[in-house]
Amino acid sequence: MAVAEEIRASSETLLDRKATRRPANLGQIIRWTILFLGGILMVMPIAFMISTSLKWPHEVYNLNLIPEEPTLDNYRYVLEDGRFYWWFLNSLIIATITTLSNVFFDSLIGYTLCKFRFPGRYIVFIAILSTLMIPTEMLVIPWYLMSQQFGWLDTYWGIMFPGLMTAFGTFLMKQFFETVPDDFIEAARIDGLNEFQIWWTVAMPLVRPALAALAIFVFLGNWTAFIWPLIVTNSTEHYTLPVGLSSFGDEADVAWELIMTGAAISTLPTLIVFLIFQRFIIRGVVMAGLKG
Amino acid sequence: MADVSLMKLVKAYDRTEVLHGIDLNIEDGEFVVFVGPSGCGKSTTLRLIAGLEEVTSGEIRIGGRVVNNLEPKERDIAMVFQNYAIYPHMSVRKNIGFGLRTAKMPKSDKDKRIEEVAEILDMSALLDRKPSQLSGGQRQRVAIGRAMVRDPAVFLFDEPLSNLDAQLRTQMRLEIKKLHQRVGNTIIFVTHDQVEAMTMADRIVIMKDGYIQQVGTPAEVYHKPANTFVAQFIGAPSMNMLPGAVNGGSVRLDTGAEVALGHRLESGRRVVLGVRPEDLAPDIDGAALVEGQVMVREPLGHETLIYVGAGDAEIIAKADGRLPPELGETVSLTADPANIHVFDAASGEALT
Ligand SMILES: Nc1ncnc2c1ncn2[C@@H]1O[C@H](COP(=O)(O)OP(=O)(O)O)[C@@H](O)[C@H]1O
Ligand SMILES: [Mg+2]
């Protein structure tokens, strides 16, 4: 019942807890130092990404953080090179469709497994869970062979199909639907809603925070997915952003400054997703702990 | 509005039978309360009537129509749940109106109906609040409103008051009873609280282990309990049970006391005599039913409960509130033979 409130409250306490000022003791100083170093460690890659995107090619292999002759030329090049927009659009389409598909199907399956009693329910659940243990790397070859047989190589569908539903999402949603009291569902049943309506109008609004977390996971996962899109695509116009960016440069040399420029631009959507859903992301990170 | 009848109703989960053939007729407009200890099958019976569970065998009729194979929404019933089941993401208005979602009537009629119900429940001012802004009692009223809005033939309540504090429970008890007098629909109300049952019901159905023990008005189940279970379940504190054997026209209790019987039973038969605490009075003519020391006193103001040790047994009696016997004092108590219930010791059935 209070799922939404509870999660909001907990994320707010995590986000905005205002420390009351007390004189620092040694323990605190050590803790802050560690956190500070950790923070630097986290920021460094981003700093280098932005720094590199502002450098000329000859300076790329210098580790200085401040470019000697900063330039926006890389941005001009990437944005004027038509391919970037294609890749960006491809990634956006694929990540969006996959996210919607996951939010819909994972929660539908999770709900069914959670709230309906039918023979084999437990086996189905275990079967779904067990797929969590198989790493993507192992699945890539069967996927490829399958795509080849079906003629899905180098198509949107080919890039998307393995991720349209995920075992993790199903598991996550099933666990969350456990928090929806059966009385709610039965009350709606008595009020004359059919099972699909009950799921959509009663159960789904009650697990909104979980849906938001799932959406973030899936969107980010697909936005940054590399191996499978790299394998399944051939033509540049079907590349996703990470695949496209890695193709900058030629055999002899990797154009790091262009890759970093593209990467810098491509973090924008993730930044937006984060800003919109940040109150849920903390909960999401907590839940990622479930996956291990 | 409609009558409800259950015929040889059996429910089994897998192979465990939890209801063993329930027969019951509920009249149109009646307020019937199912009462019994937890796990006795009250909720299961209610859920079978609602159509939330499938009947294993037997028949359910609502308004003369067999409903065994009808969906809940086709049965013309509404149900109020223990934890209210009102939706936190919807306003009070939406929650109450939820029951009308699938009804085919113009929106203006629906709105009017919601206002009417809110008026009856005294909630008009709260229609645009969210459930989180309501107190427990108000939430329960929203849940009742949602059931009322469809004007069902039968209302089903499953322990709707057990989440409320004692004071609010008493108040809601009264409100539901008034509501029944006002709208007149058939009500089936489930509770484990015999006080709720006694105060609200036209008729009480007492259940135990999936069997009906007795059906009757509050007065009937109180004054003429069908067996020792009903006798001890109804009334607080519980009826005292004194084992003994028939000896001619009287019963010789195991404590040695001799009690005259109103009617004849064959000599030597083992029986249990039941006496309510409120029927025990100080003995003045030397024919004590129980004699013993006061072990514990529980003052309640208008009366004092005294626990009297009589042999191995402990007898509860109600004594005067102002001048109760002292602790340790030996008291002898007796009861009007008309108020002594006789049960068969083996079966527990009342012998009259
Ligand atoms: N879904 C179920 N599966 C198996 N047994 C159940 C189920 N629901 C109830 N029971 C059993 O049926 C019996 C009656 O339960 P119930 O009707 O809920 O009792 P109560 O009188 O407390 O409402 C209990 O023994 C309970 O364990
Ligand atoms: Mg129950």
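Residues numbered from 1 in each chain as written. Chains lettered and ligands numbered in written order. Predicted model: local features only at pLDDT ≥ 70, side-chain atom pairs only at ≥ 80, totals over all residues. Heavy atoms only, no water.

Asks: How would you sum up the nonpolar core? Please name residues and give values.
Replies: With 61 residues, the main nonpolar core has Phe 177 of chain A together with Ile 62, Leu 156 and Ile 188 of chain B as its most contacted residues. In terms of residue count, the dominant contributor to this core is helix α10 (residues 195-206) of chain A (six residues). Those residues within four positions of Leu 156 of chain B in sequence are excluded, and the remaining contacts are Leu 46, Ile 49, Ala 50, Ile 77, Ala 78, Met 79, Val 80 and Ile 188 of chain B. Counting 44 residues, the second-largest nonpolar core is a separate cluster that includes Phe 31, Val 142, Phe 189 and Ile 206 of chain B. (Core = buried A, V, L, I, M, F, W, Y, C linked by side-chain atoms within 4.5 Å. Buried < 20%, exposed > 50% of the residue type's maximum accessible area, 1.4 Å probe, protein only. Helix = DSSP H or I, 4+ residues; strand = E, 2+ residues; numbered from the N terminus. Contact = heavy atoms within 4.5 Å.)

Asks: Give a description of the pairing of strand β20 (residues 341-344) of chain B that names residues and reports values.
Replies: Residue and element names in this part refer to chain B. With burial as the criterion, each face of β20 is covered, one bearing His 341 and Phe 343 and the other bearing Val 342 and Asp 344. Where strand β14 (residues 270-275) and β20 come together, four bridges link them in antiparallel fashion. Bridge pairing in β20 links Val 271 to Asp 344. (Pairing = 2+ DSSP bridges.)

Asks: Provide a residue-level description of the side chain of Arg 189 of chain A, including the pertinent values.
Replies: On the secondary structure map, Arg 189 of chain A appears in helix α9 (residues 182-190). When its relative accessible area of 19% is taken as the criterion, Arg 189 of chain A is described as buried. Within the local environment of Arg 189 of chain A, its side chain forms a polar contact with the side chain of Glu 195 of chain A, the two groups lying 2.9 Å apart. Dropping the residues within four chain positions of it, Arg 189 of chain A is found in contact with Phe 116, Glu 195 and Ile 198 of chain A together with Leu 52, Pro 72 and Lys 73 of chain B. (Polar contact = N/O pair within 3.5 Å; in protein donor to acceptor, adjacent residues only side chain to side chain.)

Asks: Please give an account of helix α3 (residues 73-80) of chain A that cites residues and values.
Replies: Along α3 of chain A, the residues classified as buried are Asn 74, Tyr 75 and Val 78 of chain A. Down the axis of α3 of chain A, the buried set is contained in an arc of 95 degrees. They therefore lie on one face. (Arc of directions from axis to C-beta.)

Asks: Kindly report on the sheet that holds strand β16 (residues 290-299) of chain B, identifying the contributing residues and their values.
Replies: All names here are of chain B. Strand order in the open sheet formed by five strands is β15-β19-β16-β17-β18, with antiparallel pairing between adjacent strands. The open sheet is flanked by β15 (281-282) and β18 (313-320), the only strands paired with a single partner. Pairing of β16 with strand β19 (residues 330-334), which is carried by four bridges, proceeds in the antiparallel orientation. Residue pairing for β19: Val 290 is matched across the bridge by Leu 333.

Asks: I'd like a rundown of the interface of chain A and chain B, residues and numbers included.
Replies: In this complex, chain A contributes 17 residues to the contact, which on the side of chain B involves 25 residues. Of the roughly 1900 Å² buried between chain A and chain B on both sides combined, carbon and sulfur atoms contribute 61%. Scanning the region where chain A abuts chain B turns up three salt bridges. Two residues, Arg 146 of chain B and Asp 191 of chain A, come together in a salt bridge whose shortest N-O distance is 3.2 Å. (Buried area = accessible area lost by both parts, 1.4 Å probe. Salt bridge = Lys/Arg side-chain N within 4 Å of Asp/Glu carboxyl O.)

Asks: Help me get a handle on the packing of helix α4 (residues 83-115) of chain A against helix α11 (residues 208-223) of chain A, residues and values and all.
Replies: All names here are of chain A. α11 packs onto α4 with a crossing angle of 145 degrees between their chain directions and a minimal axis gap of 8 Å. Where α4 crosses over α11, the handedness of that crossing is right-handed. Contacts between α4 and α11 involve Phe 88, Ser 91, Leu 92, Ala 95, Thr 96, Thr 98, Thr 99, Asn 102, Val 103, Asp 106 and Ser 107 from the first element and Leu 211, Leu 214, Ala 215, Val 218, Phe 219, Asn 222 and Trp 223 from the second. Taken together, the residues that form the contact of α4 with α11 break down as ten nonpolar, seven polar and one charged. (Axes fitted to C-alpha atoms, helices over the stretch in contact; angles between N-to-C directions. Left-handed = near helix turned anticlockwise from the far one by under 90°. Nonpolar A, V, L, I, M, F, W, Y, C, P; charged D, E, K, R; others polar.)

Asks: Tell me about the domain arrangement of chain B, residues and numbers included.
Replies: Many structure descriptions define interface size as the accessible area lost when the parts assemble. All names here are of chain B. Partitioning chain B into structural domains gives domain 1 (4-233) and domain 2 (240-344). Placing the centre of domain 1 and that of domain 2 at their C-alpha centroids yields a distance of 39 Å. At the interface, eight residues of domain 1 touch five residues of domain 2. Where domain 1 abuts domain 2, roughly 620 Å² becomes buried across the two surfaces, and 59% of that area is made up of carbon and sulfur atoms. (Domains from an automatic or database assignment.)

Asks: Give me the lowdown on the pattern of salt bridges, citing residues and values where you can.
Replies: All names here are of chain B. Under the defined criterion, the tally for this structure stands at 23 salt bridges over all chains. Measuring nitrogen to oxygen at the nearest pair gives 3.0 Å for the salt bridge that ties Asp 111 to Lys 107. Placement of both Asp 111 and Lys 107 in helix α3 (residues 107-120) is noted, with a separation of four residues, approximately one turn of the helix. Classification of Asp 111 by relative accessible area gives partly exposed; the value is 29%.

Asks: Got a sec to walk through the sheet that holds strand β5 (residues 65-66) of chain B? Specific residues and values, please.
Replies: Residue and element names in this part refer to chain B. If you trace the four strands from one edge of the open sheet to the other, you get β2-β1-β4-β5, paired in antiparallel fashion. What marks the edges here is a single partner per strand, and that holds for β2 (16-26) and β5. Sheet analysis places strand β4 (residues 57-62) next to β5, joined by two bridges and oriented antiparallel. By the bridge assignment, Ile 62 is partnered in β5 with Arg 65. Where helix α1 (residues 42-50) meets the sheet, it contacts β1 (4-13), β2 and β4, and its direction lies at approximately 115 degrees from that of β1.

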